[in-house]
Each structure stands twice: as C-alpha cells, then as structure tokens.
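Listed below, chain by chain, are the residues.
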Amino acid sequence: NNVKSYDLISETAAYLESLEREIDYMNMNIAIQLFTTLAEYCQGPCAENQFALIRTKLCESVNFIIKQDFKKTCSPREDAELKGVAMTCMLSLLE
C-alpha cells in the first residue's frame, strides 16, 4: 500500500502565513485564492476542518492583513477584495 495522507488545510494556512508579509500586485490573486480555498474547506460546515484551521495561525494572518494598506501596491478593488475574503474565511469558522 502506497497510501499517504496530507494535511492540506494546515499546509494552505502555512502558505498564507508565509505570504502575508509579501503581498503585492504580483501575488494578490494568490492570497485571495488561499482565503477562498480555506473558507471552502470549512463549508458544510465541516467541524473537523474548522478545528484544524483554528490550530493554525490563520487569525493572526487575518489580523495582519486587515491592518495593512495594500492600496499602495495594488488597486483599491483588490485591497477590498482581499480583506473581504479574509473576513469570509473567518466567518466560515463560525458556521
């Protein structure tokens, strides 16, 4: 048997954490997609995935991103979209 299990939830959250301080016009879409993916992991709701995300540094990443002004490096629309999907991701933890 070559069955191997991967924790995609923690890996996705870790990728977001490593990207959070480097977000600019070149990777804004990646950050938006990461938050969208994390929110999708929790839909259902899926308590197991919600608990897995709570054990990551997602809340710290969201807090950091919400406080940033990305309008210096990205469009106001992208800034608003990133912050919107970050909040949607947080709300998905409460379903």
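None of these values were measured; they are calculated from a predicted model. (Residues numbered from 1 in each chain as written. Predicted model: local features only at pLDDT ≥ 70, side-chain atom pairs only at ≥ 80, totals over all residues. Heavy atoms only, no water.)

## Focus: the overall build of the protein
In step 1: Scanning the protein from N- to C-terminus turns up five helices and zero strands.
In step 2: Shown N-terminal to C-terminal, the secondary structure of the protein runs as helices and strands in the order α-α-α-α-α.
In step 3: The C-alpha radius of gyration of the protein comes to 14 Å, within 12% of the 12 Å expected for a compact globule of 95 residues.
In step 4: The dimensions of the protein, computed from C-alpha atoms along their principal axes, are 50 × 30 × 20 Å.
In step 5: When each of the 95 residues of the protein is scored for burial, the buried share is 40%. (Helix = DSSP H or I, 4+ residues; strand = E, 2+ residues; numbered from the N terminus. Rg over C-alpha atoms; globule rule 2.2 N^0.38 Å. Buried < 20%, exposed > 50% of the residue type's maximum accessible area, 1.4 Å probe, protein only.)

## Comments concerning helix α3 (residues 47-54)
In step 1: Taken together, the buried positions of α3 are occupied by Asn49, Gln50, Ala52 and Leu53. Summarising the axial view, the buried residues of α3 lie within an arc of 160°, below the 170-degree limit, and thus occupy one face. Set apart from the buried face of α3 by more than 90 degrees, the exposed residues are Glu48 and Phe51.
In step 2: Summarising the contacts, the buried residues of α3 are in contact with α1 (8-19), α2 (28-42), α4 (58-67) and α5 (76-92). (Arc of directions from axis to C-beta. Contact = heavy atoms within 4.5 Å.)

## Observations concerning the nonpolar core
In step 1: With 27 residues, the main nonpolar core has Ile23, Phe35, Leu53, Leu58, Ile65 and Leu82 as its most contacted residues.
In step 2: Sorting the residues of this core by element identifies α1, α2, α3, α4 and α5 as the ones contributing at least two each.
In step 3: Residue contributions to this core peak at eight residues, all from α2.
In step 4: Contacts of Leu58, omitting those with residues within four sequence positions, involve Leu16, Phe35, Leu38, Leu53, Cys89, Met90 and Leu93. (Core = buried A, V, L, I, M, F, W, Y, C linked by side-chain atoms within 4.5 Å.)

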